[in-house]
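# Per-entry structural report
The lines below spell out each chain.
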Amino acid sequence: MRVLTKGLASAAAAASLMLGTPALAEWKRAESPNFIVYSRGGEGALRRYVESL
């Protein structure tokens, strides 16, 4: 019985790790006349990319 309890506790702990938490990402948004672009990269690179569209 004790082994079963440890097994269930281990399974519950593993399941809680798999659920995880939402990742924090700092998304940036840039707009051109025809597009809206989102990026996690640098602001300058995003601006240059959108200007090239």
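Residues numbered from 1 in each chain as written. Predicted model: local features only at pLDDT ≥ 70, side-chain atom pairs only at ≥ 80, totals over all residues. Heavy atoms only, no water.

### Considering the overall build of the protein chain
When helices and strands are counted, the protein chain shows 2 helices and 2 strands. In the protein chain, the order of α-helices and β-strands from amino to carboxyl end is α-β-β-α. Summarising the internal contacts of the protein chain: among those between residues at least 6 apart in sequence, 0% fall at separations of at least 24. (Helix = DSSP H or I, 4+ residues; strand = E, 2+ residues; numbered from the N terminus. Contact = heavy atoms within 4.5 Å.)

### A look at the environment of Arg-40
Among the structural elements, Arg-40 can be located in the loop between strand 2 (36-39) and helix 2 (43-52). Once the C-alpha coordinates of Arg-40 and Glu-26 are considered, the two residues, 14 residues apart in sequence, prove to be 6.0 Å apart. In this view, Arg-40 contacts Ala-25, Glu-26, Trp-27 and Lys-28; residues no more than four positions away in its chain are not counted.

### Focus: the side chain of Ser-39
The residue Ser-39 is located in strand 2 in this model. In terms of polar contacts, Ser-39 uses its side chain to reach the backbone amide nitrogen of Gly-41, at 2.9 Å. Excluding residues that lie within four positions of it along the chain, Ser-39 makes contacts with Glu-26, Trp-27, Lys-28 and Leu-46. (Polar contact = N/O pair within 3.5 Å; in protein donor to acceptor, adjacent residues only side chain to side chain.)

### Notes on the environment of Ala-25
With respect to the helices and strands, Ala-25 occurs in the loop between helix 1 (2-19) and strand 1 (28-31). Sequence spacing of Ala-25 and Ser-39 is 14 residues, and the spatial spacing of their C-alpha atoms is 9.7 Å.

### Some words on the pairing of strand 2
The alternating pattern of strand 2 places Val-37 and Ser-39 on a buried face and Ile-36 and Tyr-38 on a face that is not buried. Sheet topology note: the strand 1/strand 2 ladder contains 4 bridges and is antiparallel. Bridging across to strand 2, Ala-30 finds its partner in Val-37. Where strand 1 folds back on strand 2, the antiparallel hairpin that results is connected by 4 residues. (Buried < 20%, exposed > 50% of the residue type's maximum accessible area, 1.4 Å probe, protein only. Pairing = 2+ DSSP bridges.)

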